[in-house]
Amino acid sequence: MLPSFPYTKLRPWIVLSACFTTDFILGSLYTFGNYIPYIVSYTRQRSHPSDLRYGTSVWLYAATIIFQGVGSLFGGWLERRLGPRLSTLTGSAVMVSGVLLSYFTVQHSFWLLLLTYGVMYGAGIGTGYIGPLVCAMRWFPKWKGLASGFILSGFGLSALLFNVILTVFINPGNAKPSYAPYATDPNEKYFIDAGVLDRVPYSFLVIGVIYAAILLMASLLLFNPPEPQDNSKQCLPEDKEESVDSNHRKTLLHSFQDQQGVQSEEEITQEITGDDSDKTCLEHDSEVDHASDSEDSCDDGKKKLLSSNEKKAVKHLKKLFALEMKEDNNEIGLTPWQMLWKPNLYFLWTMMFLNTIAIASISSVYKLYGISFIADDHFLAAVGSVSAIFNASGRIFWGFVADMSSHKVALVSLNGIMAAFLLTFYASTEGGEAMYFIWVCGLFFCVGGVFTIFLKAVADSFGPKHIGENYGLLYTTQMLSNVIVPILTQFLLTSLKWYGFFLLSSGFAVISYFISLVYHQEKHY
């Protein structure tokens, strides 16, 4: 049974808090950038293969994101049928199981770890990811961008806490990655401190228990808003015997004037009937209206029958009001199959595909890049944690921009800023720790906005009814982009080094920027 809270007005905020908390845990995947150096160093010294390198290890992050995309497709379908609570609980169970099992798999092989902390972990996140998002948007239909931005800010904020937990637990003494086995790349360094390596397997148990406890409590508080009652038939008359008070009739007619751009009731008649044969009838009714205003003030119960032309106007107004009410109706929108036939889907898919390549490039390697010229592991962990604040605030900020302007304006702005940061990121080797810190925070500010804006774009373009399934379809970009990124990372870091890697990554953001300029925002439902 759905929980019953004593104060109805608190329900939206209780649900919103639960949605935020759920995404806060699911967003722990952003700890990969901080976690991978420990995992790879452990694998080289204690597990298999002993020659694992950072470029190859990016496949772990890629597997997580790929199966997050698969899970989001399933999660959208599951949420539509079982609701946000059960779909989120299902995803949470798979995710937590993957994390806890990683305690065993990391001790045997990196490739087994790929199954638990890649496939299972990612699929669980994807399955649970959709429910909190669409649940929050249903509770706040007029502020979809801001609501989804707030929920997704939890997803981005997760690394703020868990980067600290992981670093303090695994490397409390701030040991340096001092082992550089490759003469051709002396900046590729690994941890060999025994204390650091010993704690890596146990870190999966620590975070797994934390995830399980919080996800269980938060998921139980997720539920959809009550279905709205349809009282429209009681508000406006249609039959001959129906009537409406004159003040309300005048309000409707004036609204019709505003909608159609006409200046008089006679023009309303012409707009609806196509002729002016009944002008005198409407003029007479208008005079009666003025005369009856004083009577209505004494007796609000007095009614008068509408003329035939006025009834047609009211019927037309009903259609207009019905269209207006659709903005707050969660039960309208295109199905995924219908969405496939809309050209805007492919514009959005292409832009998100290009953006997620840039995002995967940032999220998976920012610490590996930092290690190449910064020796302080605690500083790098702090950068990852603070950047989580920018990741979270970016999701709220870009959602607000999309609400106040349009998702196209937000896309153009975000793509331009992200391309500029990526193009100049390599210069942080000269700018030092301060520039590295600022650029990582700026990049994650853009990373957070991508998912908020595209979620808003799907809701704006194709309607809220199937938002979970439709966004899951768009989220498949993650599967393809995260196959490409490990290949680029593995080969570019060897041949073109960091400069070529960031130059190519920025190219994807630049292409997305130009596509967003020609993209035409359109409502298809």
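Preceding block: the structure.
Residues numbered from 1 in each chain as written. Predicted model: local features only at pLDDT ≥ 70, side-chain atom pairs only at ≥ 80, totals over all residues. Heavy atoms only, no water.

(A) Highlighting the nonpolar core. Tyr117 and Tyr471 are the most contacted members of the largest nonpolar core, which has 127 residues in total. For Tyr471, the contacting residues outside a window of four places in its chain are Tyr129, Ile130, Leu133, Met352, Phe451, Phe454, Leu455 and Val458. (Core = buried A, V, L, I, M, F, W, Y, C linked by side-chain atoms within 4.5 Å. Buried < 20%, exposed > 50% of the residue type's maximum accessible area, 1.4 Å probe, protein only. Contact = heavy atoms within 4.5 Å.)

(B) Broad picture of the pattern of salt bridges. This structure, assessed with the given rule, holds six salt bridges. Across the pair Asp198 and Arg46 runs a salt bridge whose closest N-O atoms are separated by 2.6 Å. Taken as a pair, Asp198 in helix α7 (residues 194–219) and Arg46 in helix α2 (residues 32–46) lie far apart in primary sequence, 152 residues in all. Put simply, Glu188 and Arg53 hold a salt bridge, and the shortest N to O gap is 2.6 Å. Here the residue Glu188 occupies a position in the loop between α6 (144–170) and α7, and Arg53 occupies one in the loop between α2 and α3 (54–82), the gap between them amounting to 135 residues. Among the ionic contacts, a cluster of salt bridges with common partners joins Asp403, Lys456 and Asp460. (Salt bridge = Lys/Arg side-chain N within 4 Å of Asp/Glu carboxyl O. Helix = DSSP H or I, 4+ residues; strand = E, 2+ residues; numbered from the N terminus.)

(C) Spatial organisation of unusual backbone geometry. At the junction of His48 and Pro49, the peptide bond is cis and its omega measures out at 0° in the coordinates. Examined against the element boundaries, Pro49 turns out to sit in the loop between α2 and α3. The backbone phi angle of Asn174 is positive, close to 55°, even though this residue is not glycine. Taking the relative accessible area as the measure of exposure, Asn174 reaches 16% and is therefore buried.

(D) A look at a nonpolar patch on the surface. Together, Trp337, Leu340, Trp341 and Tyr346 line one region of the surface with nonpolar side chains, adding up to about 510 Å² of accessible area. Tracing the backbone through its elements, the reader meets Leu340 in the loop between α13 (336–339) and α14 (343–371). For Leu340, a relative accessible area of 30% translates into the label partly exposed. (Patch = residues over 30% accessible without salt bridge, like charges linked within 9 Å, V, L, I, M, F, W, Y side chains within 5 Å. Areas by Shrake-Rupley, 256 points an atom, 1.4 Å probe, with all protein chains shown as cover.)

(E) A look at helix α16 (residues 407–424). In this model α16 runs 26 Å from its N-terminal to its C-terminal C-alpha over 18 residues, within 8% of the 26 Å that 1.5 Å per residue would give. Restricting attention to buried positions, one finds in α16 the residues His407, Ala410, Leu411, Val412, Leu414, Asn415, Met418, Ala419 and Leu422. Of the surrounding elements, those touching the buried residues of α16 are α14, α15 (377–404), α17 (428–462) and α20 (497–518). (Expected span 1.5 Å × (residues − 1).)

(F) View of the packing of aromatic side chains. Under the definition given, this model contains 43 aromatic pairs. Ring plane angle 25° and centroid distance 5.9 Å describe the contact between Phe74 and Trp77, whose orientation is recorded as stacked. Of this pair, Phe74 and Trp77 both sit in helix α3, three residues apart, roughly one helical turn. Relative accessible area serves as the criterion here: at 39%, Phe74 is assigned to the partly exposed category. An angle of 80° between the planes, with centres 5.5 Å apart, marks the rings of Trp337 and Trp341 as edge-to-face. Here Trp337 matches Trp341 in class, with each residue exposed. By the ring-pair criterion, three or more aromatic residues cluster together here, those being Tyr369, Phe373, Phe425, Tyr436, Trp498, Phe501 and Phe502. (Phe/Tyr/Trp six-rings, centres within 6.5 Å; stacked < 30°, edge-to-face > 60°.)

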